[in-house]
Amino acid sequence: FYGNELYPGDVVKPPKHPEAPSDLPFMAGNWDYKSDDIGDSHHHCQACTVPTQNAIEYRRWYYAAVTWTDHNMGLALQKLKDLGEYDNTIVMFHADHGWQLGELNEWSKKTNTELATHIPMLIRVPWKTNSIGKKTNVRMELVDLYRTVADLAGLTNIQDSVQGKSVAAALDDPSTTVFEEKAAFSQIGRCQCQMQDLSNTVQCGLNACCRVAQNSTDYNFMGYTMRTKDYRYTTWVSWNHTASDLYGPSWEYPNGHELYNLTTDTGMDFDYDGYSVNLAYEPGYQSLVQQLHQQLKDAVMKMH
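Below: a short report on this structure. No experiment lies behind these values; they were computed from the predicted model shown. (Residues numbered from 1 in each chain as written. Predicted model: local features only at pLDDT ≥ 70, side-chain atom pairs only at ≥ 80, totals over all residues. Heavy atoms only, no water.)

## Quick look at the pattern of salt bridges
Right, on to step 1. Evaluation of the coordinates by the stated rule reveals eleven salt bridges.
Right, on to step 2. With a closest N to O distance of 3.0 Å, arginine 59 and glutamate 103 form a salt bridge. Here the residue arginine 59 occupies a position in helix 2 (residues 52-82), and glutamate 103 occupies one in the loop between strand 2 (100-101) and strand 3 (107-108), the gap between them amounting to 44 residues.
Right, on to step 3. Judged by relative accessible area, which is 4%, arginine 59 ranks as buried.
Right, on to step 4. Between glutamate 114 and arginine 227 there is a salt bridge, and its shortest N-O distance comes to 3.1 Å. Taken together, the positions of glutamate 114 in helix 3 (residues 114-117) and arginine 227 in strand 8 (residues 219-227) put the pair 113 residues apart, joining distant regions of the chain.
Right, on to step 5. Classification of glutamate 114 by relative accessible area gives buried; the value is 7%.
Right, on to step 6. Relative accessible area serves as the criterion here: at 11%, arginine 227 is assigned to the buried category.
Right, on to step 7. A cluster of three or more residues bridged by salt bridges with shared partners is formed by Glu114, Arg227, Arg232 and Asp265. (Salt bridge = Lys/Arg side-chain N within 4 Å of Asp/Glu carboxyl O. Helix = DSSP H or I, 4+ residues; strand = E, 2+ residues; numbered from the N terminus. Buried < 20%, exposed > 50% of the residue type's maximum accessible area, 1.4 Å probe, protein only.)

In structure tokens:
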């Protein structure tokens, strides 16, 4: 599964939108080439993009890795057939995060973008014949997996403390509108934010606050995101770490907002134009920003 054999020549294209969105809060990005994700020294600030040919090669080999994963999924399904269990086994295939391959000047995950948090989710339930070969627009979250699988397997008496919502009904009718108002949520922290000498810009530390205690003064911001049917809204709030019993988001001090119109997004185009235009500071969207901010805050407070 070599990249230059599977995806030769100009089969692989560079990202359509290689620059970060305008008016993007500085803490929103992940632009340090010293991270474990990409070692390209060109990528060290919000405006520092990877050369086109480099981007094409990185994409080529990532595509090959995805093809290898697809191949292994096929082997697993074939094994179920060989064992005679293919028609009575629920199969779920998903990732734990999305990935960015140069879109919006991002490489890897560690952001709150649509591409970093939108994952592949394949569910095969042989006895749910209406769902076979179908796609649904339901915004399912990983936290929904437990309750969904329990429903599909006919299990009952799930504890009230189990988070998430079963979306098993979507396998009876993939076009159902029952979940139309269901939103999806994500969050990521930002720590050790300071001026970087190489780029002369303020950037945050690597690895999205990994191994940084939430009551540490190095813990600077939390980015909360809500994906609705038509929009993706993110707010970056200061992190209160003044006392061990108080640390948490300071909702009254938002440091940045992001708003993207995804009304026509099918999820199939990683270069969708709407990902690259931050509308949060446009005059015509201020009432919507306020509405979504309150909705997001209310949802997060319920989770905690």
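## Focus: a nonpolar patch on the surface
Right, on to step 1. There is a patch of nonpolar side chains on the surface, built from Phe1, Leu6 and Trp68 and spanning about 300 Å² of accessible area.
Right, on to step 2. In this fold, phenylalanine 1 is placed in the segment before helix 1 (3-6). (Patch = residues over 30% accessible without salt bridge, like charges linked within 9 Å, V, L, I, M, F, W, Y side chains within 5 Å. Areas by Shrake-Rupley, 256 points an atom, 1.4 Å probe, with all protein chains shown as cover.)

## Remarks on the nonpolar core
Right, on to step 1. Counting residues in each nonpolar core, the largest one holds 21 residues, and the members touching the most others are Tyr219, Tyr224, Leu259, Leu292 and Leu296.
Right, on to step 2. Those elements giving two or more residues to this core turn out to be strand 8, strand 9 (231-240), strand 10 (248-261) and helix 5 (286-303).
Right, on to step 3. Among the elements that line this core, the one with the most residues is helix 5, at five residues.
Right, on to step 4. Every residue in contact with leucine 292, bar those within four places of it in the chain, is listed here: Met226, Thr228, Tyr231, Tyr233 and Leu259.
Right, on to step 5. Counting residues in hydrophobic clusters, the runner-up holds 16 residues, among them Leu104, Phe221, Trp236 and Tyr260. (Core = buried A, V, L, I, M, F, W, Y, C linked by side-chain atoms within 4.5 Å. Contact = heavy atoms within 4.5 Å.)

## Concerning the packing of aromatic side chains
When we look at a pair of aromatic rings, we describe it by the centre distance and by the angle of the planes.
Right, on to step 1. Counted by the stated rule, this structure contains eight aromatic pairs.
Right, on to step 2. Look at tyrosine 2 and tryptophan 61: their rings are 6.4 Å apart centre to centre, the planes differ by 85°, and that puts the pair in the edge-to-face class. With tyrosine 2 in the segment before helix 1 and tryptophan 61 in helix 2, the pair connects residues that are 59 residues apart, well separated along the chain.
Right, on to step 3. Residue classification places tyrosine 2 among the exposed residues on the basis of a relative accessible area of 51%.
Right, on to step 4. Residues tyrosine 219 and tryptophan 239 carry aromatic rings whose centres are separated by 5.2 Å and whose planes lie at 35° to one another, so their mutual orientation is tilted. Taken together, the residues tyrosine 219 in strand 8 and tryptophan 239 in strand 9 connect sequence positions 20 residues apart. You'll find tyrosine 219 and tryptophan 239 in the same group, each marked buried. (Phe/Tyr/Trp six-rings, centres within 6.5 Å; stacked < 30°, edge-to-face > 60°.)

## Concerning the state of the cysteines
Right, on to step 1. Under the definition given, this model contains three disulfides.
Right, on to step 2. Here cysteine 45 engages in a disulfide with cysteine 48; their sulfurs sit 1.9 Å apart. Around the S-S axis, the bridge from cysteine 45 to cysteine 48 shows a dihedral of about 80° and counts as right-handed. The same class applies to cysteine 45 as to cysteine 48, namely buried.
Right, on to step 3. A disulfide bridge connects cysteine 193 with cysteine 204, and the sulfur atoms are separated by 2.1 Å. Between cysteine 193 and cysteine 204, the disulfide has an S-S torsion of 100° and is therefore right-handed. Of this pair, cysteine 193 sits in the loop between strand 5 (184-191) and strand 6 (194-196) while cysteine 204 sits in the loop between strand 7 (201-203) and strand 8, and the two are eleven residues apart along the sequence. Both residues of the pair, cysteine 193 and cysteine 204, count as buried.
Right, on to step 4. If one numbers only the bonded cysteines of the protein chain, in the order they occur, the disulfide pattern is 1-2, 3-6, 4-5. (Disulfide = S-S within 2.5 Å.)

## Points about the pairing of strand 5
Right, on to step 1. Burial analysis of strand 5 places six of its eight residues in the buried class, which makes it a mostly covered element.
Right, on to step 2. Summarising the sheet, strand 5 and strand 8 pair through eight bridges and their orientation is antiparallel. Bridge pairing in strand 8 places arginine 190 opposite phenylalanine 221. (Pairing = 2+ DSSP bridges.)

## A closer look at the side chain of arginine 60
Right, on to step 1. Topologically, arginine 60 is positioned in helix 2.
Right, on to step 2. Apart from residues lying up to four places away in sequence, arginine 60 is in contact with Gly3, Asn4, Tyr7, Pro8, Gly9 and Val12.

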